[in-house]
Amino acid sequence: MAAGIPQLVSSFFLLYLFLTLATTSFAFKSDELLLDDDEFEGGRSPDPPVAARPVTPVRKRSADSGSDPDSKIQFPLEHAFGNSDFSPAGTFSARLKTSSNGGQILTKLRFSRNALSQADKENFKKLLEGDDFYRIRLPSNLLSQPGREYVISSVKARCLSQRDALDEHFVINMDGVNVLGVNYGPPGSCQYPRIPKPPTKWSFNSHTLLKYSNEVLRTPVFTEAVLGENGEGEEVKPPERSFWAKYWMYLIPLGLILMNAMTQAMNMAEEPGNGQPGAQGPPQAISGRGQAPAVRRR
Amino acid sequence: MTMAIRVFLLLFLVLSSSYTAFSLFEDQVGLMDWHQQYIGKVKHAVFHTQKAARKRVVVSTEENVVSSLDLRHGEIFWRHVLGPNDVIDQIDVALGKYVITLSSGGSILRAWNLPDGQMVWESTLLGSKASKPLLLIPPNLKIDKDNVMFVYGNGFVHAVSSIDGEVLWKKELASEGIDVQQLIYPDGSDTIYAVGLLGTSQFGAYLLDVRNGELLKYNSMVVPSGFSGDLSFVTDDTAVAMDSTGTSLVTVQFQDGLISFHQTHLSQLIQDFPGAAVISPSKIPGTFILRTENSVIFIEVINKGELKVVRELGHATAVSDGLSLPEGQQAFALVQHRDGKIFLTVKLGNDVWTSNLVEETIHLDNQRGTVHKVFINTYVRMDRSNGFRVLIVMEDHSLVLLQQGEIVWSREDGLASIVDVKAAELPVEKDGVSVAKVESNLFEWLKGHLLKLKGTLMIATADDVAAIQKMRLQSSGKSKMTRDRNGFRKLLIVLTRAGKLFALHTGDGRVVWSLLLNSLRKSETCQNPRGISLHQWQDPHHHALDQNPSVLIVGRCGHSLDSAGVLSIVDAYTGEERNHMGPIHSIAHIIPLSLTDSVEQRLHLLLDANRRAHLYPRTAEALGIFQRELGNIYWYSAEPDNGILRGHGVQKNCVLEVEDNFCFDTRDLWSIVFPSESEKIAATATRSLNEVVHTQAKVTADQEVMYKYTSKNLLFLATVSPKAVGPIGSVTPDESSLVVYVIDTVTGRILHRMTHHGSVGPVHAVFSENWVVYHYFNLRAHRYEMSVIEIYDQARAENKDVLKLVLGTHNLTSPITAYSRPEVFTKSQSYFFAHSLKTMAVTSTAKGITSKQVLLGTIGDQVLALDKRFVDPRRTVNPTQAEKEEGIIPLTDSLPIIPQSYVTHALKVEGIRGIVTVPTKLESTTLVFAYGVDLFFTRLAPSRTYDSLTEDFSYALLLITIVALVVAIFVTWVWSEKKELQEKWR
């Protein structure tokens, strides 16, 4: 039992480490990929003349999702050019699924955009010239649309038309069936020195992404188990620093001084030492020059 | 030679003993910090002068402080802050030794020991229905040897024992539908009256037995004209009120169960009656006061409820309550205010207007405004006559004691209610005023340092120590009025709730100048003015250096957002008002822009309630600058009631009847709608505008680089479940959750959203650099928690390739636009924390190199500094060697509270409401100012003062060491010469 807990802890730890590693190094990408597989569906609206209808693969999916018609949900996207009023621009459709914790979540989001009318195109060109905002809105509650208020987002029109066609990217932040906010913009970056050129192809490449909130990662058992270990560890640590490690800065100069003093003392001792050998032999009054012969004698 | 060794050893010892100190020592308290204690605007005052060795006055204030002040000097003997939810209703003194406070709408009764302020007893008086709280302490009423006081609160009359606070009996009156206005105890009887109104037109009086609360008699009478407002009691059996139309006065008399009333039309009393009048509460026997728009009228009640006007005085008049003199007479004080002078008259209540006991004229500082309240006290003079001292409360909330025509003391108690703080630089030192003046005497300087040396070597005597301490406190000209090299000396400009502006010197906390803002004073156009915020208006650093810095004060004329605004610009050096505007459009939000004009006046955008933006300063130049940046200005507004966060941008000039070039229309750019059934906005936090980030990258132990996402446009927002808005414990963990967001305020992108299940507010948060630290309560763990979120930029993560840097294909220099989709990732971690908090702040330094500390204003009214390293999301259980080197602390469950890290050491900042940090020029140091009822200022060095020597560094020691070394060199040199010579002569 006692051995089991550390094992559990360590396996937890490994798992945690793996998770944190995963989130640290490619957290964002992996998140997106997952959603890509499951909940994200890129609706690519067809060329302008054709009316807004989802393309075939989408329809095929919708066929099998039709098995549970009650949970299907649709909500409109509306857009506005600059300060104009909002007008319908497309439809999102998705399935409502009851999640494991009881709440309802949205899956299999699909989007189909209406074709831009001639007036819309003109308006869009105007936006590009005036470097103005292209605005969109979504209902804030999907079950009782439009909810209390619309969720608005806007982007400079130039950011959408950086290539031939128009690129857009929706990140819809959800909480159950409530739309909290929508992040709308180009899929990549928005170049700053702006090139106000109208797109050659008046169609939208749409990418959509549903985002639900993250839960806070905290495993109390794990952290508590750690506490004991750690508390001990901290207490043990201080004596680890040896005497030398603590006081080397005093010991070295002291040693130097001592050595210096010793050599001095030696010299001093040796000075009369020429005499002190006097203990060895009688010749006492030999001058300093006599040293060399004395050494030689040895 | 042994000499030389000894000298060396001695020197070595001396050097090794001069260690550097890293934490605060006892004798360092007060060197760079100061602490000031205040009490707030006085509401009630009770003098306690008779038979007391120390004369004192007990006061209760609007900051809910009950305090005993020294009448001689105005110092605080003791003080208790009851907190914002415990409003003091009444105070009095019982038994001559207890201070009785009635608070929280008449539901808490406490007794404090008068000499030392210890609480003696506390009683909770429960009831059914909120009512006007009343406290009555009959001076000599005893029931079974128990001194009794009567309290009316929450619809009950309570008889409470003065000795131990025991409730002897209680009697409900609110159930009868009466709104009791006064408790009256006729002296010597054993009954009390509870007198009040039933509905709007019935007067009722209950007669209760003081022994058991039994209802003895009940009388009532319908007054056909009705009442408006409260009853005002003139004597024990006479009350006066306005009738329901507000045009006549009703005098009600009740004697021995008989109620009679008398109605007098105001126009009969007063010629050219202005129309609106209020009876102002005053306790002068036989007389009451009627306040009209521009005069104060004293009206006497003569027999049978007839009224007589006795005197009419100007508007700026304050009157004290009546005071019984030993001879059985009544006196009251009357204070008038004209042209910066105060006219004090003390009159006898009985023959009111013929003679004055005291007539004094006192010159008072012009910046104190008018007199709001007067309290009078008497004492026996040398010649056995009556002397009077008067305590007056001024418009700026200051407290002044007058005696013998002089100001005995004054207290700046407006500083207890600071609304906003800004720091301003001091003037640059001019030539001619040199530092040499301060340290003129070289001998003195040397002596000082020798003393310090003595202190260091621990051979100083007690006198020396005292001298050192004194020297330290006055040292280094810290209270000079010029800028210093390290930027420690500054002015703190504070705005108080009274509408007064103070400049406090950071050196010693003294008031350099003060200004009662005319624009924030009550006037005809602006009825309820109050200051909202202070902003740096002009702060010359690069050019226009000949101009003084100035601050912008923004105020509002009422409590609602759509009331008219007032603006005022004040010179920070001199405290003179340069300019004021108002009343102008309403002010809902103030945005200081990052733009300045040619004289370094900062551009401000003021948003009104109609969502129009107004540009200030109103100059053509400012307009030009603004027009250029028009498209790049975004802001957000949170609507906590609707649960909507909106982003806005500027559009074009407004269409108004009068053309206004400085007015702009705005539009909504984005919105985030929080589901009303599950989320309610609880707190927001943004980065401070002037924060400097030194490095954008963080190098981790394994040589990886993480780029901080340092966008200035980030907003941290926390929502709680609507059910969980109440206090902790009102919901179960399953019902409540806390959701935190990190939102880009330009585009409305939700960069991060995270749910803490089972957690509730109150949420406190700080946002700095790329991290947020927030504090909340975890219901599941029954503990407070602090969490951290760090935001890193993924988009620039590829830049760590050296080859790319060399080839120049990196995107480091590409312009950053908020419209790009940010690729961020976050790291977060939660820790338990033992304290609950009142406020939170973060240190800021000049260049942002120094590591940060989170400053926590704890529930115990102290400031705790918590190193950011403790709230690091990268802490792991077993950090590797490399991580340890990086400074990562092993993960623990909860955050440590290290006693030494209390910034306020042994002091308390009572009722702490805010903490402000100001960077100094010295990178390692930051100035911290904490305010509440008290003020506290100190200097902090979160990473220690690595860039300067400590202030008490002993230069003398250094000098002596050098000299000693030189001497030693010479001595040894001479010795060696001698020795060589000797050797040569051998």
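Cut-off values and rules
- Residues numbered from 1 in each chain as written.
- Chains lettered and ligands numbered in written order.
- Predicted model: local features only at pLDDT ≥ 70, side-chain atom pairs only at ≥ 80, totals over all residues.
- Heavy atoms only, no water.
- Disulfide = S-S within 2.5 Å.
- Helix = DSSP H or I, 4+ residues; strand = E, 2+ residues; numbered from the N terminus.
- Buried < 20%, exposed > 50% of the residue type's maximum accessible area, 1.4 Å probe, protein only.
- UniProt positions renumbered as here; feature names shortened; annotations may be inferred.
- Contact = heavy atoms within 4.5 Å.
- Polar contact = N/O pair within 3.5 Å; in protein donor to acceptor, adjacent residues only side chain to side chain.
- Core = buried A, V, L, I, M, F, W, Y, C linked by side-chain atoms within 4.5 Å.
- Pairing = 2+ DSSP bridges.
- Phe/Tyr/Trp six-rings, centres within 6.5 Å; stacked < 30°, edge-to-face > 60°.
- Lys NZ or Arg CZ within 6 Å of the ring centre and 35° of its normal.
- Axes fitted to C-alpha atoms, helices over the stretch in contact; angles between N-to-C directions.
- 1 Å grid on protein atoms, 1.4 Å probe; cavity = no way out; pocket = protein on both sides within 12 Å on 5 of 7 lines; lining within 4 Å.
- Points joined across faces, edges and corners; volume = space filled by probe spheres on them.
- Nonpolar A, V, L, I, M, F, W, Y, C, P; charged D, E, K, R; others polar.
- Patch = residues over 30% accessible without salt bridge, like charges linked within 9 Å, V, L, I, M, F, W, Y side chains within 5 Å.
- Areas by Shrake-Rupley, 256 points an atom, 1.4 Å probe, with all protein chains shown as cover.
- Salt bridge = Lys/Arg side-chain N within 4 Å of Asp/Glu carboxyl O.

A. Here's a closer look at the state of the cysteines. All names here are of chain B. Under the definition given, this model contains one disulfide over all chains. Shown here is the disulfide that connects Cys526 with Cys557, its sulfur atoms set 2.0 Å apart. Here Cys526 and Cys557 share a disulfide; its torsion about the S-S bond, -110°, makes the bridge left-handed. Of this pair, Cys526 sits in the loop between strand S39 (511–516) and strand S40 (530–538) while Cys557 sits in the loop between strand S41 (550–556) and strand S42 (564–571), placing them 31 residues apart in sequence. For the pair Cys526 and Cys557, a shared accessibility class is recorded, and that class is buried.

B. A look at the UniProt feature "transmembrane region" (unreviewed entry) in chain B. Look at the UniProt record and you will see "transmembrane region" (unreviewed entry) annotated at residues 953–976 of chain B. Annotation note: span residues 953–976 of chain B, helix share 92%, strand share 0%, distance between end C-alpha atoms 35 Å.

C. Here's a closer look at the side chain of His169 of chain A. The residue His169 of chain A is located in strand S6 (residues 166–175) in this model. Residues within four places of His169 of chain A in sequence aside, it is in contact with Asn183, Tyr184, Gly185, Pro186, Pro187, His207 and Leu209 of chain A together with Arg821 of chain B.

D. Quick peek at the side chain of Arg687 of chain B. Residues and elements named next belong to chain B. Mapped onto the elements, Arg687 comes out in the loop between strand S50 (680–686) and strand S51 (697–699). Side-chain polar atoms of Arg687 contact the backbone oxygen of Ser711, separated by 3.3 Å. Ignoring sequence-local partners within four residues, the contact set of Arg687 consists of Val693, Thr710, Ser711, Lys712, Leu714, Phe767, Ser768 and Glu769.

E. The arrangement of the nonpolar core in detail. One finds Phe92, Leu106, Phe124, Tyr134, Phe170 and Ile172 of chain A together with Leu645 of chain B to be the most contacted residues of the largest nonpolar core, which totals 56 residues. Not counting the four nearest positions on each side in its chain, Leu645 of chain B is found in contact with Tyr636, Ser637, Ala638, Trp670, Ser671, Ile672, Phe674, Leu715, Leu717 and Ile743 of chain B. Within the second largest apolar cluster, 34 residues are counted, among which are Val59, Val65, Val421 and Val916 of chain B.

F. Quick look at the pairing of strand S7 (residues 98–103) of chain B. Residue and element names in this part refer to chain B. Among the six residues of S7, six are classified as buried, and the element is accordingly described as predominantly covered. Of the strand pairs in this sheet, strand S6 (residues 88–94) and S7 are connected by six bridges, and their pairing is antiparallel. Across the sheet, residue Gln90 finds its bridge partner in S7, namely Leu102. A loop of three residues connects S6 with S7, the two strands running antiparallel in sequence, and Leu95 in this loop sits at a positive phi of about 60°. The pairing of S7 with strand S8 (residues 108–113) spans six bridges and is classified as antiparallel. Opposite Ser103, over in S8, you have Ile108 as the bridge partner.

G. Local environment of the packing of aromatic side chains. For the structure shown, the criterion picks out 27 aromatic pairs over all chains. Relative to Phe254 of chain B, the ring of Phe203 of chain B lies with its centre 5.7 Å away and its plane at 45°, an arrangement referred to as tilted. Note that Phe203 of chain B is positioned in strand S17 (residues 202–209) and Phe254 of chain B in strand S21 (residues 248–255), a separation of 51 residues in sequence. Like Phe203 of chain B, the residue Phe254 of chain B is buried in the burial classification. Centre to centre, the rings of Phe970 of chain B and Trp973 of chain B are 6.4 Å apart; their planes meet at 90°, and the pair counts as edge-to-face. Separated by three residues within a single helix, Phe970 of chain B and Trp973 of chain B lie in helix H8 (residues 955–985), roughly one turn from each other. A residue is classified by how much of its surface remains accessible, and Trp973 of chain B, at 49% relative accessible area, is partly exposed. Members of the aromatic cluster, connected to one another through ring pairs, are Phe75, Phe81, Phe92, Phe111, Phe124, Tyr134, Phe170, Tyr184, Trp202 and Phe204 of chain A. Sitting above the plane of the Trp771 of chain B ring, Lys868 of chain B keeps its charged end 4.9 Å from the centroid.

H. Molecular detail of the sheet that holds strand S36 (residues 418–425) of chain B. All names here are of chain B. Strand order in the open sheet formed by four strands is S36-S37-S38-S39, and the pairing between neighbours is antiparallel. Strands with a single pairing partner mark the edges of an open sheet, and in this sheet they are S36 and S39. Across the sheet, the axes of successive neighbouring strands diverge by a mean angle of 20°, strand direction being ignored. Pairing between S36 and strand S37 (residues 490–496): seven bridges, direction antiparallel.

I. View of empty space enclosed by the protein. One pass over the full model with this rule turns up seven cavities of 30 Å³ or more. Looking at the largest cavity, its volume works out to about 120 Å³. Asn183 and Lys211 of chain A together with Arg749, Arg821 and Pro822 of chain B are the residues nearest the centre of the largest cavity, which is lined by 14 residues in total. For the lining of the largest cavity, the secondary structure elements donating two or more residues are S6, strand S7 (178–185) and strand S8 (204–211) of chain A together with strand S55 (750–757) of chain B. Here the lining of the largest cavity takes three residues from S7 of chain A, the largest share from any one element. Grouping the constituent residues of the lining of the largest cavity by class yields eight nonpolar, three polar and three charged.

J. Expanded view of the environment of Ser161 of chain A. With respect to the helices and strands, the residue Ser161 of chain A is situated in the loop between helix H4 (157–160) and S6. Its relative accessible area of 2% is what places Ser161 of chain A among the buried residues.

K. Region of interest: the sheet that holds strand S3 (residues 56–61) of chain B. Residues and elements named next belong to chain B. If you trace the four strands from one edge of the open sheet to the other, you get S2-S3-S4-S5, paired in antiparallel fashion. On the outer flanks of this sheet lie strand S2 (42–48) and strand S5 (76–81), each paired with one strand and no other. Taken over all neighbouring pairs, the strand axes of this sheet differ in orientation by 15° on average, direction set aside. Sheet topology note: the strand S4 (residues 65–70)/S5 ladder contains five bridges and is antiparallel. Note on S5: the bridge partner recorded for Ser67 is Arg79.

L. Just the pairing of S6 of chain A, in detail. Residue and element names in this part refer to chain A. With nine of its ten residues buried, S6 lies for the most part within the structure. Across eight bridges, S6 lies against S8 in parallel orientation. Counterpart to Asn173 in the pairing with S8 is Lys211. The pairing of S6 with S7 spans seven bridges and is antiparallel. From the neighbouring strand, Asn173 faces S7, where its bridge partner is Gly181. Here S6 folds back onto S7 in antiparallel fashion, the turn holding two residues, of which Gly176 has a positive phi close to 65°.

M. How the structure looks around a nonpolar patch on the surface. Residue and element names in this part refer to chain B. Together, Trp445, Leu446, Leu949, Tyr955, Leu958, Ile962, Val966, Phe970, Trp973 and Val974 make up an exposed nonpolar region whose accessible area comes to about 940 Å². Counting residues per element, the ones that place at least two in the nonpolar patch are helix H3 (442–456) and H8. The greatest single-element share of the nonpolar patch, amounting to seven residues, is contributed by H8.

N. Geometry of the pattern of salt bridges. Taken as a whole and judged by the stated rule, the model has 38 salt bridges over all chains. Of the charged contacts in the structure, one is a salt bridge between Glu412 of chain B and Arg368 of chain B, with a shortest N-O distance of 3.6 Å. Here Glu412 of chain B is found in the loop between strand S35 (406–411) and S36, whereas its partner Arg368 of chain B is found in the loop between strand S31 (356–363) and strand S32 (371–380), with 44 residues between them in sequence. Residue Glu412 of chain B is classed as buried on the basis of its relative accessible area, which comes to 17%. We note a salt bridge from Asp571 of chain B to Arg578 of chain B, for which the minimum N-O separation is 3.7 Å. Exposure remark for Arg578 of chain B: the relative accessible area of 37% places this residue in the partly exposed category. Through salt bridges with shared partners, one network takes in Glu149 of chain A together with Arg611, Glu639, Arg646 and Asp668 of chain B.

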